[in-house]
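Below are the chains, spelled out letter by letter.
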Amino acid sequence: MSRVDFDFYESEDPVWNPALLTIPVPGIRKMVNMAASMEDVIHLSIGQPGAPTPPHVVQSTVDALNAGQTGYTMDAGLPELLDALAEYYGERSGRPISPENILITTGATEAIYLALTAVSAPGREFIVPDPSFMLYAPLIRMNGGEVKYIPTRAENNHQLDPQEVIDAIDTNTHAIILNSPSNPTGTVYPRETVETIVQEAAYRGIYVISDEVYDHLIYDDRDYASVLSCCSDLDHVMVMSSFSKTFSMAGMRVGWLIASQGAIRKLRRYHMFTTTVANTPCQWGGVAALKGDRSFVKDTVNTYKKRRNRLVELVDETPFLEGYVPEGAFYMFPALPEGVNGNNVALRLLRETGVCTIAGDTFGESCRNALRFSYATSIENIERAFERIIPWMEKQDFG
């Protein structure tokens, strides 16, 4: 970690809001920064699509720039994009979705920020799978909320047991966080899991906040159960997604949040005090992504599936790693032997082999003996990485 990073995250200078101390040093950024100072590093670390953005999406964005579409949109977003998303989600979820149910945000990150910080408050408890994406818990805690983790395990493909979630609900429970497919595990929750949780939450008046950024990256012809297709109404759900992973538009920063019209009206006001509006020309690119040729998505899924299959084989060949078959996204989260510190293993792997992975404790409290591998890279890079990882692991003594 650089001196600047240390000063920012560790300083207790009273000028800073104490809530900032709830934000941990980002494990991903720590590893990537360290790798940047080294030579011949192979990255299994970064969750960013490597494929170029589809040409018709780029062209639509360029056309918008050339046409002078560089001002602010309406605060909820570009009307054409809101209409396209409403039509798209209406067809996909089998329920009517209106533009008034949607807020366009600066990537899914802002959507997650708005959803969690708008409803988090002292005394409110949030049920969160462990491991989970690193944004959720700090955003809840920044506003005084409390996190109750539900651990998942590699031997169970990191599936979430809906009965454990229900048993964890108490009088302080305010919301349940879902992320399917999951970052960091690649787990896809079956429809019965999502339906059971959503129905119980509705009965108890508890929100379900669902991060569905990887909803198109689903393998083996699995059914995908969005919260939108499992709820009777939108009164107690918020769903976030973006173009970043599906259409390789990560840097274009266009995401959205879907909820009841009442919730969207409140969140629009909040949104005006955060980023005001999302990138206007890139919103036009989003319209092209939804309205144009989507063969890119099918090709991308086939590519990731081949990479996943090869990664599963290589993890199975690696001593001390307990793998499984991830069903979506582009991550795998194998476990090391119980008691082994994954952070130490990740640091040593980087220093001694030049392979950059992410330690499990970046994503929760019960998974410190795990590593996250991203296969958003070529099969060639994955194979080169394991040509280093396997002999290194064979020399270890984790007994």
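Whatever comes next refers back to the structure up there.
Residues numbered from 1 in each chain as written. Predicted model: local features only at pLDDT ≥ 70, side-chain atom pairs only at ≥ 80, totals over all residues. Heavy atoms only, no water.

Q: Please clarify how the overall build of the protein chain should be interpreted in this entry.
A: Along the backbone of the protein chain there are 13 helices and 12 strands. For the protein chain, whose C-alpha radius of gyration is 21 Å, the value lies close to the compact-globule estimate of 21 Å for 399 residues. Taking the principal axes of its C-alpha atoms as reference, the protein chain extends roughly 60 × 50 × 50 Å. For the protein chain, the residues scored as buried account for 56% of the 399 residues in total. Taking the contacts inside the protein chain whose residues are at least 6 apart along the sequence as the reference set, 75% of them involve residues at least 24 apart. Counting 33 positive and 50 negative side-chain charges, the protein chain places the centres of these two groups 3 Å from one another. (Helix = DSSP H or I, 4+ residues; strand = E, 2+ residues; numbered from the N terminus. Rg over C-alpha atoms; globule rule 2.2 N^0.38 Å. Buried < 20%, exposed > 50% of the residue type's maximum accessible area, 1.4 Å probe, protein only. Contact = heavy atoms within 4.5 Å. Lys, Arg positive; Asp, Glu negative; His and termini not counted. Charge placed at Lys NZ, Arg CZ, Asp CG, Glu CD.)

Q: So what exactly am I meant to see when it comes to unusual backbone geometry here?
A: The bulk of non-glycine residues show a negative phi, and the bulk of peptide bonds are trans. Across the junction of Asp130 and Pro131, the peptide omega takes the value 10°, indicating a cis bond. Secondary-structure assignment places Pro131 in the loop between strand S3 (125-130) and helix H6 (136-142). Residue Pro181 is reached from Ser180 by a cis peptide bond, and omega for that bond is -10°. Positionally, Pro181 belongs in the loop between strand S5 (173-179) and helix H8 (191-204). If you check the backbone angles, Asp220 has positive phi at about 60° while not being a glycine.

Q: Help me understand the environment of Thr362, please; the structure alone is not making it clear to me.
A: Relative to the elements of secondary structure, Thr362 occurs in the loop between strand S11 (358-359) and strand S12 (371-374). On the basis of relative accessibility, which here comes to 16%, the residue Thr362 falls in the buried class. In this structure the C-alpha to C-alpha distance between Thr362 and Glu100, which are 262 residues apart in sequence, comes to 36 Å. In this structure the side chain of Thr362 is engaged in a polar contact, spanning 3.1 Å, whose partner is the backbone oxygen of Ala359. (Polar contact = N/O pair within 3.5 Å; in protein donor to acceptor, adjacent residues only side chain to side chain.)

Q: Help me out: how do you make sense of the sheet that holds strand S9 (residues 331-332) in this one?
A: Sheet strands line up and pair through hydrogen bonds in the backbone, either parallel or antiparallel. Strand order in this open sheet of three strands is S9-S12-S11, and the pairing throughout is antiparallel. Two strands close off the open sheet at either side, each with one partner strand: S9 and S11. Direction of pairing for S11 relative to S12: antiparallel, over a ladder of two bridges. For Ile358, the partnering residue across the bridge sits in S12 and is Arg372. The sheet contacts of helix H12 (residues 342-353) involve S11 and S12, and relative to S12 the element is tilted by about 45°. (Pairing = 2+ DSSP bridges. Axes fitted to C-alpha atoms, helices over the stretch in contact; angles between N-to-C directions.)

Q: Where do I start with the packing of helix H3 (residues 55-66) against helix H10 (residues 280-291) in this structure?
A: Geometry of a packed helix pair, given as the angle between the helix axes and the separation of the axes. Running from N to C, H3 and H10 cross one another at 140°; their axes reach a closest spacing of 7 Å. Taken together, the axes of H3 and H10 lie oblique to each other. Like other packed secondary-structure pairs, H3 and H10 cross with a definite hand, here right-handed. Within the contact between the two elements, H3 uses His56, Val57, Ser60, Thr61, Ala64 and Leu65 and H10 uses Pro281, Cys282, Trp284, Gly285, Ala288 and Ala289. (Parallel < 35°, antiparallel > 145°, perpendicular 65-115°, else oblique. Left-handed = near helix turned anticlockwise from the far one by under 90°.)

Q: Help me out: how do you make sense of the packing of aromatic side chains in this one?
A: For any pair of aromatic rings, the description consists of the separation of the ring centres together with the inter-plane angle of the planes. Summed over the entire model, instances satisfying the criterion amount to 14 aromatic pairs. An angle of 80° between the planes, with centres 5.1 Å apart, marks the rings of Tyr88 and Tyr89 as edge-to-face. Each member of the pair, Tyr88 together with Tyr89, is buried. (Phe/Tyr/Trp six-rings, centres within 6.5 Å; stacked < 30°, edge-to-face > 60°.)

Q: What is the right way to read helix H13 (residues 379-394) from this model?
A: The α-helix advances 3.6 residues per turn, and as a result positions three or four apart in sequence lie on the same side. Over its 16 residues, H13 extends 22 Å from the first C-alpha to the last, a length consistent with the 22 Å expected when each residue adds 1.5 Å. Among the residues making up H13, those that are buried are Ile382, Ala385, Phe386, Ile389, Ile390, Trp392 and Met393. Contacts made by the buried residues of H13 are with strand S1 (42-43), helix H11 (295-316), H12, strand S10 (355-356) and S12. (Expected span 1.5 Å × (residues − 1).)

Q: Sorry if this is basic, but what is going on with the pairing of strand S4 (residues 146-151) here?
A: Where a strand is regular, its side chains alternate between the two sheet faces. The pairing of S3 with S4 spans six bridges and is parallel. Bridge pairing in S4 places Ile127 opposite Lys148. Crossover connection from S3 via H6 to parallel S4: handedness right-handed. (Right-handed = clockwise from strand over helix to strand, strands pointing away.)

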